[in-house]
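Understanding the architecture of this molecule
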Amino acid sequence: HVGGLGTVGADVFPASFDYVALGHLHRPQAVGGREAMRYAGSPMALSFSEAGDAKEARVLDFTDGALVQNTGAALPALRELVQLKIKHEELEKALVEFTPPATELEPWIEITVDGATSGQTIVETVNTLMEGKRCKVLRVIATQMANDLALKADESDTAPDEILNNPDAVFAR
């Protein structure tokens, strides 16, 4: 729980409160199952982990000081955050075929390339393939496939545990 947010329970707010508006959490949500106690969420995505999340504003109607209606109103995404996960061997085809979403502001893109061996080369390739598309690539992450990282018994006379317990052997490998 970031910042101790998980340590405050819904029970600290008395039932006599018609509505409790809380802040900071990025995703809109009710607290403790109580619809009249909510985190509003941010009005726009603030990180790629929120790509695709629905954003909303709350519309509250009060009559004679009492809450009579509590509804969410969807907020449009003026700028979308898009995460693409692509295998290295499919990179060129995937990016040539990629069409950025049509939003008011230029979409921002994060691309993870699985099986890449050189980060700099991948960034150059991605930038070349995305040229002319109405979007901005903010981050390219080059990863190696799990199989490439696995220590295989037939590749070494040394057992994996023995290698991992020896930092010099890890760096040599």
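Our subject is the structure listed above.
Residues numbered from 1 in each chain as written. Predicted model: local features only at pLDDT ≥ 70, side-chain atom pairs only at ≥ 80, totals over all residues. Heavy atoms only, no water.

1. Focus on the pattern of salt bridges
Side-chain pairing between opposite charges can occur once the charged atoms of the two side chains come close. The full count for this structure, using the stated rule, is seven salt bridges. With a shortest N-O distance of 2.5 Å, K55 and E50 are connected by a salt bridge. With respect to burial, K55 and E50 carry one shared label: buried. The residue E110 makes a salt bridge to R139 at a minimum N-O spacing of 2.6 Å. With a gap of 29 residues between them, E110 in strand β7 (residues 108–114) and R139 in strand β8 (residues 136–143) connect regions that are remote in the sequence. Exposure remark for E110: the relative accessible area of 5% places this residue in the buried category. Several salt bridges share partner residues, and in doing so they unite E35, R38, E56 and R58 into one network. (Salt bridge = Lys/Arg side-chain N within 4 Å of Asp/Glu carboxyl O. Buried < 20%, exposed > 50% of the residue type's maximum accessible area, 1.4 Å probe, protein only. Helix = DSSP H or I, 4+ residues; strand = E, 2+ residues; numbered from the N terminus.)

2. Things to note about the sheet that holds strand β3 (residues 34–39)
The strand order β1-β3-β2 describes an open sheet built from three strands, whose pairing is mixed. Of all the strands in the sheet, just β1 (20–22) and β2 (29–31) have a single pairing partner and so form its edges. Adjacent strand axes in the sheet meet at a mean angle of 45°, parallel and antiparallel pairs treated alike. Across three bridges, the pairing between β1 and β3 is parallel. Note that in β3 the partner of L22 across the bridge is Y39. (Pairing = 2+ DSSP bridges. Axes fitted to C-alpha atoms, helices over the stretch in contact; angles between N-to-C directions.)

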